[in-house]
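Descriptive analysis of the structure
Here's the letter readout for the chains.
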Amino acid sequence: MMLHQSNNLSFFTPEDTNSLGAVFFETGISAGFPSPAEDFKEQRLSLDKELIRNKEATFFARVSGQSMIGAGLDDNDLLVIDRSLEPQNNKIAVCFLDGEFTVKRLKVDKDEVWLQPENPNYPIIKITSENNFIIWGIVTNVIKKV
Amino acid sequence: MYALVDCNNFYASCERAFNPNLRNKPMAILSNNDGCVIARSDEAKVIGLPMGAPIFKWDRFCKENGIQVFSSNYPLYGDMSGRVMSILEQFTPDVEVYSIDEAFIQFKGFENYNFNEYGSQIRTRILKWTGIPTCVGMAPTKALSKVANKIARKFPNQTKGVYVIDSEEKRIKALKWIKIKDVWGIGRGLTKRLKAKGCTTALDFVLLPDDWVRKNFSIVEWKLKKDLEGIPTLQLDEVKTKQAIATTRSFEYTFSDIENIKERISTFATSCAEKLRKQGSSCHIIYVVLSSDRHKKELEQHRASKLVSLTYPSDSSLIISQEAVKAVTSIFKAGIKYKRAGVVVMGLVPTTNHQLHLFESENPKHKPLMRAIDGLNAKYADYKIKIGNQDLKRTWKMRQERLSPRYTTNINEIIKVK
């Protein structure tokens, strides 16, 4: 299509094609010796990949207090929580108990549930129907600053 | 088969996921700047807090009735919405995100499935993984799935949050149940016209003669009628990206000087451009609005808008900001106390389809420049890089006095466990 014409020049608008055009080889094509390392290139390590199995269900929480020091959970540590995992005996879980979040080891015994701290100075808690109790998610990893 | 998956009281549910104390309590969420109520929990609706209530008038009511009030926490709602949507993609590849809290999904080749059970699985997974309760309505067409969803929501005990319209009998029953004004896509004007014709339910609408509907209504209503009859006419929206992006705000104060307004408009335009680049779109049209405080009737009122068409689509903050500022300068009237402004970008095209224009073309340097700015802003947060006409010390001065923590997007605001 012609767009503009002057005495000496005619202008045309370029055609808009859908073609992707030529393929660009990122590595380039070299006439010399091929890089021997090229075939062994691997992905860099990713902590996300290591620590997070299910990203839609993963949340983070900060530990406050000493009740789980025996399990390696110190004050200010960062917890990785997976909500998609089923609660099981002996798993460490983030629970919501009577208005507060708490992290404890689950002890499931027939139809009784106990929350067990990992610090002798803290009492073991028996969950009864009186409690406002939710198992919020299962702790999969703990990240600490050194 | 289609399904409409809708999050129940989405904003309230997001807050509750990280603060279970709020369960079963009345809650309200405020608009940007803490202006008025934009979302309510069922409990707040029962107490009688109206939608859109200006909070300064209803603050006492909320306090007296124990309604917990929150500023809108879009970083949290956005992240939770993303999680819900990507869980849906695990159930079917055909997902149309319809809004922040609802999605249409389609099941092609799922004929042997027990849809009641599948719907229940969807609901259970979203609830367990994210803590967000949903309702699932399933039916052979989009419009019917919307009706099914309403039934699931209205009768939680019988349906357990999932309702499937899979027989002619159920379809008729559903259409008889739903009022015409509650049918998807039937607005207030249409309700009035249909009521005059004696239509009070969706069934009445469907029973209208085809010819009459065709003659008296637009193609949209015709398609809707077919959809409600069980003939799939409305397809999943294939356009995955947004058709328009808007940034509009009320100011904290009123402005009568052009400099301040230019600065605000430039900031809004930059924000629109950023969102464009994020979704890989460029815009053809920039729409700028400027208005005085319509609640202050004693002051001189002025509301003006201007639409600018670009000769070539752009996603450059520099271009969009420049054009928006030019536009606002042309509609600005001296002596008016302005309270609100906005920038909307429309006519979006995928950025890759740029057609080059011989006489006017974007400076090719914009592209790497924008990439660098976006990168730096993402890295250092809080908008370290701005264009010259944006005030450097000024960021979003949104009033957010009752903001909950950004539990999922800021490491310093995650939940604490004892």
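Here the structure is shown first, and the text comes after it.
Every chain begins its residue count from 1, and numbering advances along the sequence as written. Written order determines the labels here, with chains lettered from A and ligands numbered from 1. For this predicted model, a pLDDT threshold of at least 70 governs which residues receive local features, and a threshold of 80 or more governs which side-chain atom pairs are given and counted, while totals over whole chains, interfaces and linings are taken from all residues. The side-chain quantities take in all heavy atoms of the structure and omit both hydrogens and water.

Description of the nonpolar core
Nonpolar cores are built from buried Ala, Val, Leu, Ile, Met, Phe, Trp, Tyr and Cys residues. Side-chain atoms within 4.5 Å join them into one set. Burial classes: relative accessible area under 20% of the type maximum marks a residue as buried, over 50% as exposed, and values in between as partly exposed (1.4 Å probe, protein chains only). Membership of the largest hydrophobic core comes to 56 residues, with the highest contact counts inside it found for Leu79(A), Val94(A), Val103(A), Phe18(B), Met80(B), Leu88(B) and Phe107(B). Only DSSP runs of H or I covering at least 4 residues are called helices, and only runs of E covering at least 2 are called strands; the numbering of each starts at the N terminus. The leading source of residues in this core is helix H4 (residues 74-88) of chain B, at seven residues. By definition, residues are in contact when any of their heavy atoms lie within 4.5 Å. Filtering out sequence-adjacent residues up to four positions away, Phe107(B) remains in contact with Met1(B), Ala3(B), Phe91(B), Thr92(B), Phe115(B), Tyr118(B), Ile122(B) and Met138(B). By size, the runner-up hydrophobic cluster in this structure holds 35 residues, among which are Phe104(B), Tyr163(B), Ala174(B) and Ala202(B).

Thoughts on the sheet that holds strand S2 (residues 27-30) of chain B
Residues and elements named next belong to chain B. The pairing criterion for strands is at least two bridges between them, as found by DSSP. Taken in spatial order, the three strands of this open sheet run S3-S2-S4, and their pairing is mixed. The sheet is open, and its two edges are formed by strand S3 (37-40) and strand S4 (68-70), each paired on a single side. Geometrically, the sheet is characterised by an average inter-axis angle of 25 degrees between neighbouring strands, direction not taken into account. In this sheet, S3 lies alongside S2 in antiparallel orientation, the contact comprising three bridges. From the neighbouring strand, Leu30 faces S3, where its bridge partner is Val37. The convention used is that axes are lines fitted to C-alpha atoms, helices contributing only their stretch in contact, and that angles between N-to-C directions extend from 0 to 180 degrees.

Here we look at the pairing of strand S7 (residues 134-139) of chain B
All names here are of chain B. S7 sits mainly inside the fold: six of its six residues count as buried. Along S7, one buried face is formed by Thr134, Val136 and Met138 and the opposite face, lined by Cys135, Gly137 and Ala139, is buried too. Sheet topology note: the strand S1 (residues 2-7)/S7 ladder contains six bridges and is antiparallel. Counted as the bridge partner of Ala3 is Met138 from S7. Alignment of S7 against strand S8 (residues 162-164), held across three bridges, turns out to be parallel. Each bridged residue has a counterpart across the sheet, and for Met138 the counterpart in S8 is Val164.

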